[in-house]
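What follows is the residue order along each chain.
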Amino acid sequence: MSEKVSFDKITTHLQQTGYVYQGSQIYNGLSNTWDYGPLGAELKRNIRSMWWKKFVQESPTNVGLDAAILMNPRVWEATGHVTTFNDPMVDCKACKARHRADNLIKEQYPDVDVDAMSFEDMDEFIKTHELVCPVCGKKEFTPIRKFNMMFKTHIGVTEDSSSTVYLRPETAQGVFVNFVNVQRTMRKKLPFGICNAGKSFRNEITPGNFTFRTREFEQLEMEFFCKPNTDLEWFAYWKEYCRKFLDSLGVKDENLRYRDHEPAELAFYSKATTDVEYNFPTLGWGEILGVADRTDYDLSRHQEYSKQDLTYFDPDTNERYIPYVIEPSMGLDRLMLMVMVDSYEEQELEGGDVRTVMHLLPALAPYKIAVLPLSKKLSEKGKEVLSILNKHFSVTYDETGSIGKRYRRQDEIGTPYCVTIDFDTSEDQSVTIRERDSMKQVRMPIDDLVNYFSVKLFY
RNA sequence: GCAGGCGUAGUUCAAUGGUAGAACGCGACCUUGCCAAGGUCGACACGCGGGUCCGAUUCCCGUCGCUUGCUCCA
């Protein structure tokens, strides 16, 4: 067994091998943006399809949706994003530390009702009551400044406020506003779920830790609508379902943990939340997905703001009610990072040589097979085999360098199988298959390859 | 956004007030022909701008970017 490799080493490897590139690199990058290279793009697609397969295709209750990023701004008033994403921040002029004005007041004057104060009130209060900076003890603060977490843009070419729209900070709202559409057109009865995957944007102040926290990220979310008072059962059900999904990604169990939120930690809309965290090297535990009981909060708010009827008529009981919602939500970029990090291994070989291997599950690997002619003289036969296999699988081809070196290259990027063309291939119409993890080889007729891999690659 | 640190081939590192070397990696050819072989050859770098200077990759300033910490994190 090799010891745990540093996070830094793995991210360097990912950037060297075509999984991840720094964003806008030829312009010296842009803080905290990343592009997925050819391999990363394949891996991302594979994980997204596994999620879709598990949560949409294999679920008898669920359907998919692909909602727009830009939404009517009233949506974000209804959810509270416009107001609570406007946190009042002040800086200490002496030590430059930054604080939330409302928290400062709460901490130093617990009896004051901060929620009822306007920002002007808070400014005034801070001055007249001589609040001190918890860091340096001085009493000089800048006026309150607002940091809106939502990216703003405009529809149309004029910049008046009536045309302001936001990039969505979560995909969930695209589902809630379509609850009635989906229910009616798909003739769905409760309980049922709507899955929606796509980019979300949060203009967070702090960047950090490679692709783990970025301002632009892809979410895989499901909103599962159920009858009130059945929500806790469904909460437990989807928690377990998520566990199975993570298992199917092949991540080592000891690197995962489940953490129930304490009541004080819960978001205001949520009755219960469980996070699943992954133990990253160097970084430690980081959230990969969350399952939340969102109650009827979202639909109720949308009903209030849109003045549309968002209730569900239950034909079994002849009741009308707003459904409760269980939401398993995960970050695709984080799932990717987890899978890439977890699969990475450096094996010490005799002679001090190091063999780097990504033990990706075949279903996730960017390339399933590498076709490797033993010599360039065998190119023609190699390309023939390539064109048979790439009708069915994602395949790469390499005829440069020694065969051992080419095996290592494929190990490094996680290709589970290599197909080697040798000088006997033309005569016996057979090739050698070399498996990544065991490094074992078997001989097989070319005609059997497609069937063989169809079974091997998708269980 | 604030404070510190840092910017030399793809990567890891050198050297230098007179325009830069290596290793690994990459490519071609020869050789070999199933687990990083060898040989020959080749491509690729001083983040950007300004100042000082005869001359700046080197010194100074600015800028851009990265990074660590803080702040933030529905």
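Residues numbered from 1 in each chain as written. Chains lettered and ligands numbered in written order. Predicted model: local features only at pLDDT ≥ 70, side-chain atom pairs only at ≥ 80, totals over all residues. Heavy atoms only, no water.

Visitor: Which residues make up the packing of helix α5 (residues 101-108) against helix α6 (residues 119-128), and what values go with them?
Guide: One can describe the packing of α5 onto α6 by two numbers: an axis separation of 10 Å at closest approach and a directional angle of 45°. When the interaxial angle is binned, α5 and α6 end up oblique. Crossing handedness for the pair α5 and α6: left-handed. On α6, the residues that touch Ala101, Asp102 and Ile105 of α5 are Met122, Phe125 and Ile126. By residue class, the composition of the contact of α5 with α6 is five nonpolar, no polar and one charged. (Axes fitted to C-alpha atoms, helices over the stretch in contact; angles between N-to-C directions. Helix = DSSP H or I, 4+ residues; strand = E, 2+ residues; numbered from the N terminus. Parallel < 35°, antiparallel > 145°, perpendicular 65-115°, else oblique. Left-handed = near helix turned anticlockwise from the far one by under 90°. Contact = heavy atoms within 4.5 Å. Nonpolar A, V, L, I, M, F, W, Y, C, P; charged D, E, K, R; others polar.)

Visitor: Quick one: what's the story with the packing of aromatic side chains, residue by residue and with numbers?
Guide: The final tally for this structure, using the stated rule, is 25 aromatic pairs. Between lysine 54 and the ring centre of tyrosine 241, over which it is positioned, the NZ or CZ distance is 5.9 Å. In this arrangement the basic side chain of arginine 334 is found over the ring face of phenylalanine 212, its NZ or CZ atom lying 3.8 Å from the centre. (Phe/Tyr/Trp six-rings, centres within 6.5 Å; stacked < 30°, edge-to-face > 60°. Lys NZ or Arg CZ within 6 Å of the ring centre and 35° of its normal.)

Visitor: How would you explain the pairing of strand β12 (residues 272-280) if you had to name every residue and give the values?
Guide: Looking down a regular strand, the side chains alternate between one sheet face and the other. In terms of residue burial, β12 counts as a mostly covered element, since eight of its nine residues are buried. One ladder, built from five bridges, connects strand β11 (residues 256-260) with β12; its direction is antiparallel. Within β12, the position partnered with tyrosine 258 by the bridge is valine 276. The pairing of β12 with strand β13 (residues 284-295) spans nine bridges and is classified as antiparallel. Bridge assignment links threonine 273 to a residue of β13, and that residue is alanine 292. Linkage of β12 to β13, two consecutive antiparallel strands, is achieved through a turn of three residues, within which threonine 282 is found at a positive phi near 70°. (Buried < 20%, exposed > 50% of the residue type's maximum accessible area, 1.4 Å probe, protein only. Pairing = 2+ DSSP bridges.)

Visitor: An account of the nonpolar core is needed here, citing residue identities and associated values.
Guide: Among the nonpolar cores identified, the biggest contains 55 residues, and Tyr19, Phe55, Leu249, Leu335 and Met338 are the most heavily contacted of them. It is helix α11 (residues 332-343) that contributes the most residues to this core, eight residues altogether. Not counting the four nearest positions on each side in its chain, tyrosine 19 is found in contact with Leu14, Asp35, Tyr36, Gly37, Leu39, Gly40, Leu43, Met340, Met358, Leu360, Pro366 and Ile413. Residues Val371, Leu378, Val385 and Val450 belong to the second largest nonpolar core, which totals 19 residues. (Core = buried A, V, L, I, M, F, W, Y, C linked by side-chain atoms within 4.5 Å.)

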